[in-house]
Amino acid sequence: MKMAFVLFDGLTFLDFAGFYDVINRLNFFEPTKGTTWETCAMTDQVTDESGLTLKVDRVKPDLSEYDLVFIPGGMGTRKLRYDETFVGWLKQAESVPLKVSVCTGSLLLGAAGFLSGKKATTHPRAYNLLEPYVTEVIQKRIVKDGNVITAGGVATSIDLGIYVVGLLAGQEAAANVKLQIDYPYEMQGVVEE
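Residues numbered from 1 in each chain as written. Predicted model: local features only at pLDDT ≥ 70, side-chain atom pairs only at ≥ 80, totals over all residues. Heavy atoms only, no water.

(A) Representation of the overall build of the protein chain within the structure. Within the protein chain, the regular secondary structure consists of seven helices and 12 strands. For 193 residues, the compact-globule estimate of 2.2 N^0.38 gives 16 Å, and the C-alpha radius of gyration of the protein chain, at 15 Å, lies within 12% of that figure. For the protein chain, the C-alpha atoms occupy an extent of roughly 40 × 35 × 35 Å along the three principal directions. For the protein chain, the exposed surface amounts to about 8600 Å²; the carbon and sulfur share of it is 48%. (Helix = DSSP H or I, 4+ residues; strand = E, 2+ residues; numbered from the N terminus. Rg over C-alpha atoms; globule rule 2.2 N^0.38 Å. Areas by Shrake-Rupley, 256 points an atom, 1.4 Å probe, with all protein chains shown as cover.)

(B) Looking closely at the packing of aromatic side chains. For the structure shown, the criterion picks out 12 aromatic pairs. Judged by centre distance (4.1 Å) and plane angle (5°), the rings of Phe19 and Phe70 are stacked. With Phe19 in helix H1 (residues 13-23) and Phe70 in strand E6 (residues 68-71), this residue pair connects regions lying 51 residues apart in the sequence. With a relative accessible area of 0%, Phe70 lands in the buried category. In this structure an aromatic cluster arises from ring pairing among Phe5, Phe13, Phe16, Phe19, Tyr20, Trp37 and Phe70. A cation over an aromatic ring shows up here: Lys2 above the ring of Tyr66, its NZ or CZ 5.0 Å from the ring centre. Across the ring face of Phe114, the terminal group of Lys99 is positioned such that the distance to the ring centre comes to 5.1 Å. (Phe/Tyr/Trp six-rings, centres within 6.5 Å; stacked < 30°, edge-to-face > 60°. Buried < 20%, exposed > 50% of the residue type's maximum accessible area, 1.4 Å probe, protein only. Lys NZ or Arg CZ within 6 Å of the ring centre and 35° of its normal.)

(C) Quick look at the pairing of strand E1 (residues 2-6). Burial within E1 is extensive, with four of its five residues counted as buried. As defined by bridge partners, E1 adjoins strand E2 (residues 36-41) across five bridges and the pair is classed as parallel. Bridge pairing links Lys2 to Thr36 in E2. Taking the sense of rotation as the criterion, the β-α-β connection linking E1, H1 and E2 turns out right-handed. Relative to E6, E1 runs parallel, the two being bridged by three bridges. Pairing of Met3 across the sheet is with Leu68, part of E6. (Pairing = 2+ DSSP bridges. Right-handed = clockwise from strand over helix to strand, strands pointing away.)

(D) Structural detail: unusual backbone geometry. The phi torsion at Cys103 lies on the positive side, around 55°, for a residue other than glycine. Within the secondary structure layout, Cys103 lies in the loop between strand E7 (98-102) and helix H4 (105-111). Look at Cys103 and you get buried, because its relative accessible area is 5%. The phi angle at Asp182 is positive, at roughly 55°, despite the residue not being glycine.

(E) Looking closely at the side chain of Thr156. In this fold, Thr156 is placed in helix H6 (residues 156-169). Engagement of the side chain of Thr156 in a polar contact is seen with the side chain of Arg141, the distance being 3.4 Å. When neighbours within four sequence positions are excluded, Thr156 is seen to be in contact with Val102, Arg141, Ile142 and Ala151. (Polar contact = N/O pair within 3.5 Å; in protein donor to acceptor, adjacent residues only side chain to side chain. Contact = heavy atoms within 4.5 Å.)

(F) Expanded view of the pattern of salt bridges. Across all of its chains, the model carries eight salt bridges by this definition. The salt bridge partner of Asp159 is Arg141, with a shortest N-O separation of 2.7 Å. Remark: Arg141 occurs in the loop between strand E9 (136-137) and strand E10 (142-145) and Asp159 occurs in helix H6; sequence separation between them is 18 residues. Taking relative accessible area as the criterion, Asp159 reaches 4% and is therefore assigned buried. With a relative accessible area of 30%, Arg141 lands in the partly exposed category. Several salt bridges share partner residues, and in doing so they unite Lys2, Glu38, Arg58 and Glu65 into one network. (Salt bridge = Lys/Arg side-chain N within 4 Å of Asp/Glu carboxyl O.)

See the structure below:
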């Protein structure tokens, strides 16, 4: 499995880091050994909402090359969803088997047309911004509708990573990851369509 982490100026770092720290553990488990990932963006580096600068692995790669595309949220999504160049690049992921977002990353999935006819979620303070892109906004932490998985606000990124590990490597692997990261919480608010 090959994953793309789509980054952009104005992202929320924890949205990315919470998911990344969990999901990179897929290589510990037999069913998902050999999983690779790359950070991808329109430029060779991005700056998060607080000024942290991140260098990316690939600039504007063909997103159709990946098996999973992940998009974090952040204040940058508000403007970026109207950026034709960025949204056009995201649309390359149309054939990607699994599209995943956390927080307002779902607005970018929506802008690319990937939420059309689907149910999804986002940060609770952005439900109204998501409405134009979906059949129904589900006010839960994780929503899986077909090959698209959306998750709620920032801290949900860790739950989302554990959920995706469970989906790809099995529930025993997900439980193992929870022990590795000392995560004592039970997942709540998961909706699967």
